[in-house]
Amino acid sequence: MKQFFILEGGYLILALFAVLITIFVGTRPFVSKNALKKGLMGVIPVLAMLIGGHYSMTTGRMAEVKDAFEKGQPILCESRMVRKAAQSIIVKKSQGWSIEGDNFVSPHYERPFHAARCIVK
């Protein structure tokens, strides 16, 4: 469950904001009496499906990346540290990288790279 909140936290906040907007608009006096119920019945399932689908795709890609890393294939990770130069970095087991939990770590880099932000090259 912790991994779900780490990966989907931003999207959960946006979904909560969308639900709050739906509640605010649905409770205004100028809309029909069933607008809130209809609005929430439309918004909540769609948001749940989108967030659940994103989580499923992300965890699937993470498993694929970890498996490819263990096989020695190069992994392309997004680097948020330096935005002007190289915006991605190649992670390979043969270059001293290791995996700790969901993070790729190396003694040559200050910060780890999360597997959710990586793809198999």
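Preceding block: the structure.
Remember, predicted model here, so these are calculated numbers, not experimental data. (Residues numbered from 1 in each chain as written. Predicted model: local features only at pLDDT ≥ 70, side-chain atom pairs only at ≥ 80, totals over all residues. Heavy atoms only, no water.)

Chemist: Tell me about the state of the cysteines, residues and numbers included.
Modeler: With the rule as written, the count across this model stands at 1 disulfide. A sulfur-sulfur distance of 2.0 Å marks the disulfide that ties Cys-77 to Cys-118. Taking the sign of the S-S torsion, 105° for the link of Cys-77 and Cys-118, the bridge is right-handed. Of the two residues, Cys-77 sits in strand β1 (residues 75-78) while Cys-118 sits in strand β6 (residues 118-120), which places them 41 residues apart along the sequence. You'll find Cys-77 and Cys-118 in the same group, each marked buried. (Disulfide = S-S within 2.5 Å. Helix = DSSP H or I, 4+ residues; strand = E, 2+ residues; numbered from the N terminus. Buried < 20%, exposed > 50% of the residue type's maximum accessible area, 1.4 Å probe, protein only.)

Chemist: Break down the side chain of Thr-22 for me, citing the residues and quoting the values.
Modeler: Considering the arrangement of structural elements, one finds Thr-22 in helix α1 (residues 2-26). Filtering out sequence-adjacent residues up to four positions away, Thr-22 remains in contact with Leu-36, Gly-39, Leu-40 and Val-43. (Contact = heavy atoms within 4.5 Å.)

Chemist: Quick rundown of the sheet that holds strand β4 (residues 103-105)? Include the residues and the values.
Modeler: With antiparallel pairing, 3 strands are arranged side by side in an open sheet as β3-β4-β5. Only two strands of the sheet have a single partner each, and these edge strands are β3 (98-100) and β5 (113-114). In this structure, β4 lies alongside β5, joined through 2 bridges in antiparallel fashion. Residue pairing in the sheet places Phe-104 in a bridge with Phe-113 of β5. In this fold helix α2 (residues 35-70) packs onto β3, β4 and β5, with an angle of close to 140° to the strand it touches most, β3. (Pairing = 2+ DSSP bridges. Axes fitted to C-alpha atoms, helices over the stretch in contact; angles between N-to-C directions.)

Chemist: Could you give an account of α1, naming the residues involved and the relevant values?
Modeler: The principal kink in α1, of about 70°, is found at Glu-8. Along α1, the residues that are buried comprise Phe-4, Leu-7, Glu-8, Gly-9, Ala-15, Val-19, Thr-22 and Gly-26. (Bend = angle between axes of the 7 residues up to and from the residue.)

Chemist: With reference to specific residues and values, describe the pairing of β1.
Modeler: Side chains Ile-75 and Cys-77 of β1 all project onto a buried face; the interleaved residues Leu-76 and Glu-78 project onto a face where none is buried. Alignment of β1 against strand β2 (residues 88-91), held across 4 bridges, turns out to be antiparallel. The residue bridging Leu-76 from the neighbouring strand is Ile-90, located in β2.

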